[in-house]
Amino acid sequence: MTRTLYGILLTLLSPLLVIYLWLRGNKDRRYRQRWSERFGLARWQPAHVLIHCVSMGETLAAQRLIETIQQRHPNLKLCITCSSPTGSKLIQTRFSNVQHSYLPFDLPWAVARFTQQLAPQLTIIMETELWPNLVHQLKRRQCKLVLANARLSEKSSGQYQKWPKLTHPMLASLDAIAAQTKAESERFVDLGVAPKRCHVFGSLKFDISIDADTQKAAHALTEQLKRPVWVAGSVHPDEFDAILAAHQQLLDTVPQALLIMVPRHPERFEQAKQLVAAGPMSWQAWSQSQQVDDDTQVVIGDTMGQLLRFYGAAHCAFVGGSLMERGGQNPLEPAAFAKPIIMGPSQYNFLEIGLQLRQAGALVQVNDAHSLAAQLQLWLTDADAASNAGQAALSVVGRNQGAVDKHYSLLSHYLADINA
């Protein structure tokens, strides 16, 4: 009954979904495309396995797991879905021989049509992207459901507790949950999930690997620059001012320092350029010239897929989404390159990972532009301190790897039962 009321309410509010997509299209026109997929009006071919990755971060985390499934079960047809244009582009770039689509909104008729046509026998949902109607429609078609790389904060758990008649049946429909930490597994149990269905496998994001081409590109950029470099990666607009102010302070003591600032979202590239252009520092856009001038003080990274290369060429890295209440972006990307890491206080997306990195001396927390500039000065002028912190970061990554194998071991039982 509660799910029915939820469906009715969502249907009544569906015009707001159209407005939402149209407004998002002001910043990224791709939100105004492929609406038939979002409203369940497209046509899908049957697939054995559905994998929902939400956005770019979840897609990157799932990449090795998906590749493992493809390698060991080449006869299975996969459909990989997401909700964002950046995630869509990454899926289309990284994975061949898969069906790809946006996941429809959780409107009753949209997910019913989607699941009926797709008819998956196994669905893998990344992190905690759970939708009541989607889960219901999949389960009524006897599809196995696995929540992979699962996260559940105290705040989210509290939200689930507020609507038990809606969330508890949804959680009870899951055949298995692969949680990142013991604390998160216990929160699922507290919400009524059977303990035998909960597993603690660590984070798939620890199983990051830097491919040879990226390593080569990072080395080439290091050779080109030959100067102190720091990268502010995946930064949000509310952090732009602090990042630029910190770099301006840094130039007083390290005049040759170079900042490479990479906005989190492509629709923010122009905003970043306008902001730095209005200030006193010399700058250039990466898209205009990939040869950085000696007198350039700031580079705006305005091309997709280059952040890892920039991290690899840096002496240290600031990871964005952390000087504001966004929970932080992924600090394991610079860690995999053995780079020392700086973040703001908001790290709830990576609580356990951030804690391990801080305890190892690999990550330093700052609160504002002034403290950021001070830490940058330390690591850009003390090579030994920066190297020790970077090696500590790499060690944290190394000792936590293995989540892909654990996830696959769980999934293999369901994959073996699929009638291909």
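J.: Provide a residue-level description of the overall build of the protein, including the pertinent values.
T.: Counting its secondary structure elements, the protein contains 19 helices and 14 strands. With the principal axes as the frame, the protein shows a C-alpha extent of 65 × 45 × 45 Å. Sorting the 420 residues of the protein into buried and exposed places 55% on the buried side. For the protein, the computed accessible surface area is about 18,700 Å², with 50% contributed by carbon and sulfur atoms. Side-chain charges in the protein split into 40 positive and 34 negative, and the spacing between the mean points of these groups amounts to 11 Å.

J.: Requested: an account of helix H6 (residues 108–118), with residues and values cited.
T.: Those residues of H6 lying buried are Ala 110, Val 111, Ala 112, Phe 114, Thr 115, Gln 117 and Leu 118. The first or second residue beyond H6 is Ala 119, which carries a positive phi of 50 degrees.

J.: So what's going on with the side chain of Thr 181? Residues and values would help.
T.: Within the secondary structure layout, Thr 181 lies in the loop between strand S6 (176–179) and helix H10 (182–190). Setting aside chain neighbours within four positions, we find Thr 181 in contact with Val 200 and Glu 352.

J.: If you had to explain the sheet that holds strand S1 (residues 49–52) to someone new, which residues and values would you point to?
T.: The strand order S3-S2-S1-S4-S5-S6-S7 describes an open sheet built from 7 strands, whose pairing is parallel. Every interior strand has two partners, whereas the edge strands, strand S3 (99–102) and strand S7 (198–200), have only one. Looking at each pair of strands side by side, their axes are set apart by 20 degrees on average, direction ignored. Inspection of the sheet shows strand S2 (residues 78–82) paired to S3 by 4 bridges, in the parallel sense. Paired with Cys 82 across the bridge in S3 is Tyr 102.

J.: So what's going on with the pairing of S6? Which residues, and what values?
T.: Side chains Ala 176 and Ala 178 project from S6 onto one buried face, and the interleaved Ile 177 and Ala 179 project onto a second face that is buried too. As paired strands, S6 and S7 are joined by 3 bridges and run parallel to one another. In the sheet register, Ile 177 faces S7, and the bridge partner there is Cys 198. As a crossover connection, the stretch from S6 through H10 into S7 is right-handed.

Rules of the game
- Residues numbered from 1 in each chain as written.
- Predicted model: local features only at pLDDT ≥ 70, side-chain atom pairs only at ≥ 80, totals over all residues.
- Heavy atoms only, no water.
- Helix = DSSP H or I, 4+ residues; strand = E, 2+ residues; numbered from the N terminus.
- Buried < 20%, exposed > 50% of the residue type's maximum accessible area, 1.4 Å probe, protein only.
- Areas by Shrake-Rupley, 256 points an atom, 1.4 Å probe, with all protein chains shown as cover.
- Lys, Arg positive; Asp, Glu negative; His and termini not counted.
- Charge placed at Lys NZ, Arg CZ, Asp CG, Glu CD.
- Contact = heavy atoms within 4.5 Å.
- Pairing = 2+ DSSP bridges.
- Axes fitted to C-alpha atoms, helices over the stretch in contact; angles between N-to-C directions.
- Right-handed = clockwise from strand over helix to strand, strands pointing away.

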